[in-house]
Structures are given as C-alpha cells and as structure tokens.
Amino acid sequence: MDQGERISVIQAIFACDHAEAAKLSDALRLIEASPSDTIAFQGDPAEHCQFVVSGTVGLHALGSEGQYTQVATVEPGEVFGAFPDPATHSVEAVAQKAVQMLVIGTSQLRELSREHAAVASGLAGLYAEQLRNVIGRLAARVTLSARGRVFGELLALGDASGTISPAPVVTALAVKAQTTRETASRAVSYLEKRGILVRDGKEWRVTSPRMLEELAI
C-alpha cells in the first residue's frame, strides 16, 4: 500500500479530510495476518485498536465447556480492540482471510480524538455504523434457519465474482454459521446439486449469487 492509497483508506475509515488523515497516518501501523492466524487471545490485555482494511476477522468466545462460538465478524472498514481505555480481550480474534489492518495504541488514539474533532467525529460515526451492522447480523442469526445461515456465510465469503478463495473448511463454516458440521455439509451438497456452487481445487465458486441470496432468506 503506497502513501496515497494509505491516506485514502484512512479518509474512508474516519470520514476525515486529507490533512487529518495525514496526521493519523503517522500514528497508524500497517499489520498483516495470514488466514487462521490468531491476532488476539481471549483474556490477554487489549491495548490497541485494529482497523480492518482488507479480509475479515472472526471473533470467537471460548465457553465454560471448552467450545468456541463465533460471536461476530469484523469486516473491512470496521474496528476491534479497546477504546477509549485499555481493557482485556473478551474474545479471540482470528483472521478468516488474509487480513490487512491499521493499528494504533488505544491511549494514543484517545489523545488524538481529544485533540482533533474530526477524528472524534469519525470514530463516533464508525462505531455507530458498526453497531448497526452487528445488530443486523445478530438478527439474521436469530431469524434464519441453520441452512440459511450457512448460505449467508458463503455469500459473505465470496468476492465480487462469487469466488471463495481459499476454499473454506466445512467444519469452520459450520462454526461460523453456529450449526453442526453435518448441516453445513448437507447445505453445501444441496448447492452443488443445483449448480449454484462449484468446488474446484483450492477455491469454490458461486455461479449465481442472486439465487444463493434468495435461499439465504
């Protein structure tokens, strides 16, 4: 990512002008993570804010009986970590795809937001939009069938052309959809039989995102 692209990304995230984005750029570090990398462990100190530029991050909670449940997904343009004060990670953050993040210390971001109204306003808008998205995703999990949640996860994993790369592990797909591996496997097989999904080597391809979207309702 060159400096011009970096400034543009920061402007998009914080909804600020070029001058404010340039100030933020000096304080933000670009971090990358490979698929399945653990970015933060549940129970560890949380002293940074991570702004996702590309890829997705799954937030998993470890239950009392040792089972992991995915509680949220952080998409590009969204943030996770601690703000306005350092805290403790209540979930485990794992890269679902190759991830690029802009990272800044919690205390440093708090000071910048106090000194620059545009930064504070951008953060407020970012968190408000992210809360709306999270509530929408939670509502979908409550109202969709287990199979519908699997279809929804496949939609979210695909790029603009419908390509899902790398190919998801069915067990991991089931965890994300909060269902059993058997249910996820049957859902995938159903899509293959209808020609909506093609599994080829290391990637999957959704041939008709529109049909898959209709099935995910």
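Within any chain, residue numbers begin from 1 and follow the written order of that chain's sequence. Local features in this predicted model are restricted to residues whose pLDDT is 70 or higher, and side-chain atom pairs enter the listing and the counts only when it is 80 or higher, whereas totals over whole chains, interfaces and linings include all residues. Side-chain measures here rest on the full set of heavy atoms in the structure, leaving out hydrogens and waters.

Chemist: What's the story with the packing of helix α5 (residues 146-157) against helix α7 (residues 181-193) in this structure? I'm lost.
Modeler: Helix-helix packing is characterised by the crossing angle of the two axes and by the distance between the axes. Lines are fitted to the C-alpha atoms to define the axes, a helix being fitted only along its stretch in contact, and any angle between axes, read from their N-to-C directions, falls within 0 to 180 degrees. In this description a helix means any DSSP run of H or I spanning at least four residues, a strand means any run of E spanning at least two, and both kinds are numbered starting from the N terminus. Two numbers describe how α5 lies on α7: the axes approach to 9 Å, and their chain directions differ by 65 degrees. With respect to their mutual orientation, α5 and α7 come out roughly perpendicular. With respect to the hand of their crossing, α5 and α7 are arranged in right-handed fashion. Between α5 and α7, the contacting residues are Ala146, Arg147, Val150, Phe151 and Leu154 on the first element and Thr183, Ala184, Ala187, Tyr190 and Leu191 on the second. Here is the rule for angles: anything less than 35 degrees is roughly parallel, anything more than 145 is roughly antiparallel, 65 through 115 is roughly perpendicular, and the remaining ranges are oblique. What makes a crossing left-handed is the near helix being turned counterclockwise from the far one by less than a right angle; a clockwise turn instead makes it right-handed. Every residue pair with non-hydrogen atoms within 4.5 Å of one another is taken to be in contact.

Chemist: How should the pairing of strand β10 (residues 99-105) be read in this particular structure?
Modeler: Exposure is judged per residue with a 1.4 Å probe applied to protein chains only, and the accessible area is read against the type maximum: over 50% gives exposed, under 20% gives buried, and values in between give partly exposed. For β10, a buried count of six out of seven residues is recorded, marking the element as mostly surrounded by other parts of the structure. For two strands to be treated as a pair, DSSP must find no fewer than two bridges joining them. With five bridges connecting them, strand β1 (residues 29-33) and β10 associate as antiparallel partners. Paired with Ile31 across the bridge in β10 is Met101. Pairing of strand β4 (residues 48-54) with β10 involves six bridges; the strand directions are antiparallel. Bridge pairing links Gln50 to Val103 in β10.

Chemist: What should I look at first to understand the sheet that holds β10 in this one?
Modeler: The strands that make up a sheet are held in pairs by hydrogen bonds between backbone atoms, and each pair lies either parallel or antiparallel. Spatially, β1-β10-β4-β7 is the arrangement adopted by the four strands of the open sheet, whose pairing is antiparallel. Two strands lie at the open edges of the sheet, namely β1 and β7 (79-81), each paired on one side alone. Ignoring strand direction, the axes of neighbouring strands in this sheet form an average angle of 35 degrees. In this sheet, β7 lies alongside β4 in antiparallel orientation, the contact comprising three bridges. Among the inter-strand pairings, Phe51 is bridged to a residue of β7, identified as Val79. Docked against the sheet, helix α1 (residues 3-14) engages β1, β4 and β10, running at close to 70 degrees with respect to β10.

Chemist: So what exactly am I meant to see when it comes to the sheet that holds strand β9 (residues 92-95) here?
Modeler: Strand order across the open sheet formed by four strands is β2-β9-β5-β6, with antiparallel pairing between neighbours. The two strands at the open ends of the sheet, each matched to only one other strand, are β2 (38-40) and β6 (68-74). Going from strand to strand, the sheet's axes swing by 35 degrees on average, the running direction of each strand aside.

Chemist: For this particular structure, what's the right way to read the packing of helix α6 (residues 170-177) against α7?
Modeler: Where α6 contacts α7, the two axes come as close as 8 Å, and the packing angle between them is 105 degrees. Put simply, α6 runs roughly perpendicular to α7. On the side of α6, the interface is formed by Val170, Thr171, Leu173 and Ala174, while α7 contributes Arg181, Ala184, Ser185 and Val188. Tallied by class, residues from the contact of α6 with α7 come to five nonpolar, two polar and one charged. When residues are sorted by character, Ala, Val, Leu, Ile, Met, Phe, Trp, Tyr, Cys and Pro go into the nonpolar class, Asp, Glu, Lys and Arg into the charged class, and all the rest, Gly among them, into the polar class.

Coordinates in, geometry out; function isn't part of it.
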